[in-house]
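Coordinates in review
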Amino acid sequence: MRMGLLVVGVIVAIVGAVLLFVPLVAQSNQTVSTGSTTPFVLLSVSGFSLTGSIPVGVSWTATSSVTVVAASCTAACLSSNATSISGLSGLTYQTGKSGSFTLNQPNGGEVIVGALNLGTGSPANVTFKVTTALSTVGTVLLVVGIVVLIVGVVLKSGKAKMTPAMPPMYPSTPSPGAPPPSPPMGPS
């Protein structure tokens, strides 16, 4: 049982770590135009991560060469009147027709991604494909896996310890000089 708990604990902890750190779950695609007055999108991944941030993978393709800018925000990226951006971290720039990157969205924060057409040509459309980690599930599985590992380590082995063998019991022998026992008396 102990070995079974150890194996289960390791497997659950590994699955939890993968779900916590690797963006696997596809979200809906977002498309922006560089000719728009708001050539950006806000992405908010719900959930909680033990590490304090949720990994968000972004891959993008554009109809012509653009510069993509992305960042994480500790809370809402835009101010209440949408005139300023605050609390940015993990700022990323990429230029070309396609690319990919990973940002870490703080718990309760957002990610902002946008595109700029630096050329003189017509506006470009940019499609962002977003994947996220299952951080809430990963956190729970990681904690459960660690607890199961600890229980497996603390439990004693399922094999019973062998007790020393008792010496064989022989009938007692009379001490020297003692009269021999008399035979039982029969019916008279």
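What counts and how
Residues numbered from 1 in each chain as written. Predicted model: local features only at pLDDT ≥ 70, side-chain atom pairs only at ≥ 80, totals over all residues. Heavy atoms only, no water. Buried < 20%, exposed > 50% of the residue type's maximum accessible area, 1.4 Å probe, protein only. Helix = DSSP H or I, 4+ residues; strand = E, 2+ residues; numbered from the N terminus. Pairing = 2+ DSSP bridges. Expected span 1.5 Å × (residues − 1). Arc of directions from axis to C-beta. Contact = heavy atoms within 4.5 Å.

1. What about the pairing of strand E7 (residues 125-132)?
- A one-sided burial pattern is seen for E7, the buried positions being Val126, Phe128, Val130 and Thr132 and the unburied ones Asn125, Thr127, Lys129 and Thr131.
- In terms of strand pairing, strand E1 (residues 25-26) meets E7 through 2 bridges, oriented antiparallel. What sits directly across from Val25, in E7, is Thr132.
- Judged from the 4 bridges that link them, strand E2 (residues 30-33) and E7 form a sheet pairing that is antiparallel. Within E7, the residue paired with Thr31 across the bridge is Thr127.
- When strand E4 (residues 53-73) meets E7, the two strands line up antiparallel, connected through 7 bridges. From the neighbouring strand, Gly57 faces E7, where its bridge partner is Thr131.

2. Digging into the environment of Val7
- As for its placement among the helices and strands, Val7 is situated in helix H1 (residues 2-21).
- Spatially, the C-alpha atoms of Val7 and Leu149 are 8.0 Å apart, while their sequence positions differ by 142 residues.

3. Overview of H1
- Over its 20 residues, H1 extends 29 Å from the first C-alpha to the last, a length consistent with the 28 Å expected when each residue adds 1.5 Å.
- Listed in full, the buried residues belonging to H1 are Leu6, Gly9, Ala13, Gly16, Leu19 and Leu20. Along the long axis of H1, the arc covered by the buried residues comes to 165 degrees, so they all point the same way. What points out from H1, more than 90 degrees from its buried face, is the exposed set Met3 and Ile14.
- Elements in contact with the buried residues of H1: E4 and helix H2 (135-154).

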